[in-house]
Amino acid sequence: MEALGFNAGFLLSQIVNFVVLLVLLRMFLYRPILNMLEERRERIRESLEAAERARQEVVQSQKAYEEELAKARREAQQIIERAREAAERQKEEILAEAREQARQLIARAEEEIAYERQQAMAQLREEVAQLSLEIAQKVIGHALSEAEHRQLVRQFLAEVGESR
Amino acid sequence: MSRVLNSKVLVAVVLVLGTIVAGKLVAPAALPGIQLPAEMVPILGFRVPNTLLHTLLADITLLILAFLATRNMKEIPDGLQNFAEWVIEGFYGLTEDIAGDRARQWFPLVMTIFLLVLVANWWELVPGVDSVGVVEPPHGETGFVLAKVGPLYALTAEEVKLEYKKEGEKAGEKAGAEMGEGEAKEGEGKEGEGKEEGFPTTEDGRPIGVLVPFLRASATDLNFTLALALISMAMVQYYGIQALGMGYFTKFINLKGGAMGFVVGLIETISEFAKIISFSFRLFGNIFAGQVLLFIMAFLLPWLVPVPFYGLELFVGLIQAFIFAVLTLAFLANAVVAHDDHH
Amino acid sequence: MDLQFLSAGLAIGLGAIGPGIGVGLLVMGALQAIGRNPEAAPEIRTNMILGIAFAEAIAIYALVVALVLKFV
């Protein structure tokens, strides 16, 4: 054993040396670095979680916003629809009223026209009778009696009225 | 084109070969005496094994690195902290793969084995280790002729047998080293006052001595590797008992399985000791062989040729550190599992 | 003296044959496994290294014997 270099004292000193080194390295190297790694892992996990939460929030608010938007759109649509219906109804009413008024106007106009015509016809008849009496007087040269004239004119007018 | 290429290749080959030959001629290196026990270096009046000094050097390196890496911890790491985190996180992941829940418990042991063995192995490859030290009179039958370089001495490649020169006259002060440094002088006075013996000389008066390097790879000392192996296997037994209570011993003394079971238990017991031996000799053998390989390469052809072997030793040093740590881990993981479900 | 060196050389030389073959087989198997299933490469590599360590232990016993023969 001696020739191979074994020596109890040296062996013991190497063992002691190793144990001391182990303790020192554990204190000054492994612990701080492992703690640092652990801390960093924790922090990364936390920030990932926070990011995930933030993402969820964004998704949620996005969804809420979209819902709101859809609702608003729906309402607007309804309002427009209602307005259109109202307008339609109003249009119908106005149109009906206008048509009614037009009809009344036309009716009144027709009445007036009929009345005017009546008037004109009566006047014309009067004038024609007068005129034809005068003409007949001139042509015949002497005056028929008033009664004869009238008889004649009436006869003539009746003929005219029949042929018309 | 090919002619140009060929001539370039030729020039390169000639240059490389020329360098190698020139190295052999200009700077022949001594082949140091290869011995298993650590050399004892005189430091402050004590004789300390140089492998122990090497281990302390590795300790200090590790502690300085640890201090620098954790001195100014930042949330976003850079530089050394980043590197330390990379190493530790990587190894911790490996530990978790094998050890599961017990990773936190075993990690310091395994990581320390890995780091210490790795740093100790890699320090071996730094120039100056194995080659700077105290020059002493030869302990054995051969020594090297010394050459004076300034205030220091360097070993030449000239090796002499000196059975007939044992009682040579005193040859000046000892000290110095191959490519020596100021610190080489430190040992001189103290060592001199203790023994007062001088250097033998050659017939033409040149001193003869041997080099006692200050540093020698820790793993080339069986005490270092055996210490690690003992710690490792002791921890394996400790955690085995902790996890399984007295049931742990049924692995070794198996009376239920009949004669066959008893023999299996016996083999388990023997293999437990064999693990200590193979642990310590695996690391020792690899690093010692690597050291001898580097010595011999430097001795045969000192320039350029050793370079690839340095690369190889870098790799071997890493792999051996890794194997030591991971095998410890595997044995630990194996020990805490109940063995009844086998067979 | 000479026989001692010879026996040490033979011990490690012969003792390295088996582990050499063993390591070769191990690496062959591991490389084939990685070729078939590249996703499992890290796991296979770790186990391969462990297996090599066990095979190498045999060569280490030979080394111990050689060292004992040479130095003791």
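Computed from a prediction, not measured in an experiment: that's the story for all the values here.

What follows is about the interface of chain B and chain A. Quoted interface sizes are often the accessible area lost when the parts come together. Listed by partner, the interface residues are 42 residues for chain B and 31 residues for chain A. Both sides together, the interface formed by chain B and chain A hides about 3,400 Å², and carbon and sulfur atoms give 74% of it. At the junction of chain B and chain A, the tally comes to one salt bridge. Residue E85 of chain B is joined to R40 of chain A by a salt bridge in which the shortest nitrogen-to-oxygen separation is 2.8 Å. Going through the elements one at a time, α2 (50-70), α3 (79-99), α4 (103-123) and α6 (222-244) of chain B are the ones with two or more residues in the side of chain B that touches chain A. Classifying every residue of the side of chain B that touches chain A by side-chain character gives 29 nonpolar, six polar and seven charged.

With that out of the way, let us pick up unusual backbone geometry. Residue and element names in this part refer to chain B. Unusually for a residue other than glycine, D130 sits at a positive phi of about 75°. Counting through the fold element by element, D130 comes out in strand β3 (residues 127-130). Given the relative accessible area of 11%, D130 is considered buried. If you check the backbone angles, L304 has positive phi at about 70° while not being a glycine.

Now for α3 of chain B. Taking 1.5 Å per residue, 21 residues should reach 30 Å; α3 of chain B reaches 30 Å between its end C-alpha atoms and fits that length. Taken together, the buried positions of α3 of chain B are occupied by Q81, A84, E85, V87, I88, F91, Y92, L94, T95 and A99 of chain B. The inward-facing, buried residues of α3 of chain B abut α1 (8-140) of chain A, α2, α4 and α8 (306-335) of chain B together with α3 (41-71) of chain C. Following α3 of chain B by one or two positions, G100 of chain B has its phi on the positive side, about 65°.

Definitions and limits used
Residues numbered from 1 in each chain as written. Chains lettered and ligands numbered in written order. Predicted model: local features only at pLDDT ≥ 70, side-chain atom pairs only at ≥ 80, totals over all residues. Heavy atoms only, no water. Contact = heavy atoms within 4.5 Å. Buried area = accessible area lost by both parts, 1.4 Å probe. Salt bridge = Lys/Arg side-chain N within 4 Å of Asp/Glu carboxyl O. Helix = DSSP H or I, 4+ residues; strand = E, 2+ residues; numbered from the N terminus. Nonpolar A, V, L, I, M, F, W, Y, C, P; charged D, E, K, R; others polar. Buried < 20%, exposed > 50% of the residue type's maximum accessible area, 1.4 Å probe, protein only. Expected span 1.5 Å × (residues − 1).

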